[in-house]
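Architecture at a glance
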Amino acid sequence: MAAIYSLYVINKSGGLIFYKDYGSAGKMDTNDTLRLASLWHSMHAISQQLSPVSGCFGIELLQADTFDLHCFQSLTGTKFFVVCEPGTQHMENLLKHIYELYTDYVLKNPFYEMEMPIRCELFDISLAQAVQKERVALLGR
């Protein structure tokens, strides 16, 4: 069973710009993935406003019985979140690495339009390698 179920990238206005399923048991259709991304964006924004602590950056980890959701928000407001097995460690490092891949292969691509869906083969290849490396590391722990 894969430790990482799926990966989402949401632009600063809450639109889903990238989604990758890594073999989760409950596959979602396109409308469900769009709804989940929009819902997460809204919950993240509300949590920043409702937090009693000043300087709160929103929800970084959501733990449920059957999955964990880890989130990383860049300074530009783009959110990266991964859904994984409960108790999976070191997802923050993976999300930061995915952000680095995003900046290297997507943002530096002269043909990419900001806030639009990501269609970049080098990003896809590097992402697959990073996730596979993380899976191997998780099996070794």
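Residues numbered from 1 in each chain as written. Predicted model: local features only at pLDDT ≥ 70, side-chain atom pairs only at ≥ 80, totals over all residues. Heavy atoms only, no water.

Worth spelling out the cut-off: UniProt positions are given in the numbering used here, feature names are shortened, and annotations may be inferred rather than shown by experiment.
If you look the chain up in an unreviewed UniProt entry, it shows as Trafficking protein particle complex subunit from Salvia divinorum. Turning to the chain, the UniProt record has this under Subunit (unreviewed entry): "Part of the multisubunit transport protein particle (TRAPP) complex." Quoted verbatim from the Sequence similarities (unreviewed entry) heading of the UniProt record, the comment on the chain is "Belongs to the TRAPP small subunits family. TRAPPC4 subfamily."

A look at the pairing of strand β5 (residues 79-84)
Just so we agree on the cut-off: Only protein chains enter the area calculation, which uses a 1.4 Å probe; residues under 20% of their type maximum are buried, those over 50% are exposed, and those in between are partly exposed. We count a stretch as a helix when DSSP gives it H or I for four or more residues in a row; a strand needs E for two or more, and each element gets its number in order from the N terminus. Pairing between strands is defined by DSSP: at least two bridges between them are needed.
Within β5, 6 of the 6 residues are buried, which leaves the element mostly enclosed by the surrounding structure. Alternating positions in β5 separate into two faces, Lys79, Phe81 and Val83 on one and Phe80, Val82 and Cys84 on the other, with burial throughout. In terms of strand pairing, strand β1 (residues 4-10) meets β5 through 6 bridges, oriented antiparallel. Following the sheet pairing, Tyr8 is matched in β5 by Phe81. Pairing geometry for strand β4 (residues 68-73) and β5, over 6 bridges, is antiparallel. Bridge pairing in β5 places Phe72 opposite Phe80.

Some words on a nonpolar patch on the surface
Let me state the cut-off plainly: Patches in this entry comprise residues that are over 30% relatively accessible and not in a salt bridge; like charges within 9 Å are linked, as are nonpolar side chains (Val, Leu, Ile, Met, Phe, Trp, Tyr) within 5 Å. In this description, accessible areas are obtained by the Shrake-Rupley approach with a 1.4 Å probe, and a residue is regarded as covered only by the protein chains that are shown. Only one rule defines a salt bridge in this text: a Lys or Arg side-chain nitrogen within 4 Å of an Asp or Glu carboxyl oxygen.
A grouping of Leu39, Met43 and Leu62 is seen on the molecular surface, where their side chains present a nonpolar patch of about 230 Å² in accessible area. Here Leu39 lies in helix α1 (residues 30-50). Overall, the relative accessible area of 48% leaves Leu39 in the partly exposed class.

Let's talk about the nonpolar core
Here is the rule we go by: Residues enter a nonpolar core if they are buried and are Ala, Val, Leu, Ile, Met, Phe, Trp, Tyr or Cys, with the set joined through side-chain atoms within 4.5 Å. By the convention used here, residues are in contact when the closest approach between their heavy atoms is within 4.5 Å.
Judged by nonpolar contacts, the single largest core of 24 residues is most densely connected at Tyr102, Ile118, Phe123 and Leu127. Contributions of two or more residues to this core are made by β1, β2 (16-21), β5, α2 (91-107) and α3 (121-140). In terms of residues, this core owes the most to one element, α2, which gives 7 residues. The contacts of Phe123, once residues within four sequence positions are left out, are Phe18, Ile98, Leu101, Tyr102, Tyr105, Val106 and Ile118. Core analysis: the next-biggest nonpolar cluster, separate from the first, contains 10 residues, Tyr5, Tyr8, Ile10 and Cys71 among them.

Some points on α1
The periodicity of an α-helix, 3.6 residues per turn, causes residues three or four places apart in sequence to face the same way. Threshold: For a helix, the expected span equals 1.5 Å multiplied by the number of residues minus one. What the arc covers is the set of directions going from the helix axis to the C-beta atoms. Within 3.5 Å is the distance limit for a polar contact, defined as a pair of N or O atoms, with the added protein rule that one can donate a hydrogen and the other accept it, and that residues adjacent in sequence qualify only through two side-chain atoms.
Here α1 spans 30 Å end to end across 21 residues, near enough to the 30 Å set by a 1.5 Å rise per residue. Where α1 is concerned, the buried positions are Thr33, Ala37, Trp40, His41, His44 and Ser47. End-on view of α1: buried residues confined to an arc of 135°, all on one side of the axis. In this structure, α1 carries Arg35, Gln49 and Leu50 as exposed residues pointing more than 90 degrees from its buried face. Lining the buried residues of α1 we find β1, β2, β3 (61-63), β4 and β5. One side-chain oxygen at the N-terminal end of α1 lies 3.3 Å from the backbone nitrogen of Asn31; it belongs to Asp29.

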